[in-house]
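# Results of the structural survey
As a plain string of letters, each chain reads:
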Amino acid sequence: MDDELQFFQTWWKILRKYWNPPEKTNRSKQADEFWDGLVDEGKDKVYSLCALKGFPAIKFGSTYRIDRAKYKKWLEEHEGMKVLL
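Cut-offs and rules
Residues numbered from 1 in each chain as written. Predicted model: local features only at pLDDT ≥ 70, side-chain atom pairs only at ≥ 80, totals over all residues. Heavy atoms only, no water. Helix = DSSP H or I, 4+ residues; strand = E, 2+ residues; numbered from the N terminus. Buried < 20%, exposed > 50% of the residue type's maximum accessible area, 1.4 Å probe, protein only. Contact = heavy atoms within 4.5 Å. Areas by Shrake-Rupley, 256 points an atom, 1.4 Å probe, with all protein chains shown as cover. Polar contact = N/O pair within 3.5 Å; in protein donor to acceptor, adjacent residues only side chain to side chain. Core = buried A, V, L, I, M, F, W, Y, C linked by side-chain atoms within 4.5 Å. Pairing = 2+ DSSP bridges. Phe/Tyr/Trp six-rings, centres within 6.5 Å; stacked < 30°, edge-to-face > 60°. Patch = residues over 30% accessible without salt bridge, like charges linked within 9 Å, V, L, I, M, F, W, Y side chains within 5 Å. Salt bridge = Lys/Arg side-chain N within 4 Å of Asp/Glu carboxyl O. Expected span 1.5 Å × (residues − 1).

## Observations regarding the overall build of the chain
The helix and strand tally for the chain stands at three helices and two strands. Taken across its 85 residues, the chain has 21% of its residues classed as buried. In the chain, the share of contacts with a sequence separation of at least 24, taken over all contacts with a separation of at least 6, comes to 50%. Carbon and sulfur atoms provide 53% of the accessible area of the chain, an area that totals close to 7100 Å².

Shown next as structure tokens:
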């Protein structure tokens, strides 16, 4: 449970940092930096989510597959998790 709490706290910090995204049609350098930063911070966190005990991910070689129904059930079970800032 502590691993899950730490994971959600980390994601909350990322969400707060990238709260107001630029419009999709915005092609400025600042917008590109925003999206690149979000992708770089997010991709490593996804793998830490898959590593959580009880997370419904199946690993095939170097890729993960996540069953949609099991993922929704997992989210419902963890919906009330407290996030400390």
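## Remarks on helix H3 (residues 68-77)
Where burial is concerned, little of H3 is hidden: one out of the ten residues are buried. The opening residue of H3 is Asp-67, an N-cap whose side-chain oxygen sits 3.3 Å from the backbone nitrogen of Ala-69.

## Some points on the nonpolar core
Most often, soluble globular proteins have nonpolar side chains that are buried together. Residues Phe-7, Phe-8, Leu-49, Cys-50, Leu-52, Phe-55 and Trp-74 constitute the largest nonpolar core, which totals seven residues. Setting aside residues no more than four positions away along its own chain, Trp-74 makes contact with Glu-4, Phe-8, Leu-49, Leu-52, Gly-54, Phe-55 and Pro-56.

## Things to note about the pairing of strand E2 (residues 63-66)
In this structure, strand E1 (residues 57-60) lies alongside E2, joined through four bridges in antiparallel fashion. Looking at the pairing, Ala-57 lines up with Ile-66 of E2. Joining the antiparallel neighbours E1 and E2 is a turn of two residues, in which Gly-61 adopts a positive phi near 65 degrees.

## Side note on the packing of aromatic side chains
This structure, assessed with the given rule, holds two aromatic pairs. An angle of 75 degrees between the planes, with centres 6.0 Å apart, marks the rings of Phe-55 and Tyr-71 as edge-to-face. Residue Phe-55 is located in the loop between helix H2 (29-50) and E1, and its partner Tyr-71 is located in helix H3; the two are separated by 16 residues in the primary sequence. The class of Phe-55 is buried, set by a relative accessible area of 7%. Taken together, a centroid distance of 4.8 Å and an interplanar angle of 85 degrees make the contact between Phe-55 and Trp-74 edge-to-face. Residue Phe-55 is found in the loop between H2 and E1, and its partner Trp-74 is found in helix H3; the two are separated by 19 residues along the sequence. Taken together, the aromatic side chains of Phe-55, Tyr-71 and Trp-74 make up a single cluster linked through ring pairs.

## Notes on a nonpolar patch on the surface
Together, Trp-12, Leu-15 and Trp-19 make up a nonpolar patch on the protein surface, roughly 320 Å² of accessible area in all. Looking at the element boundaries, Trp-12 is found in helix H1 (residues 2-17). We classify Trp-12 as partly exposed; its relative accessible area is 30%.

## Considerations on H1
Across its 16 residues, H1 extends 23 Å between first and last C-alpha, which sits within 8% of the 22 Å expected from 1.5 Å per residue. The set of residues buried in H1 consists of Glu-4, Phe-7, Phe-8, Gln-9 and Ile-14.

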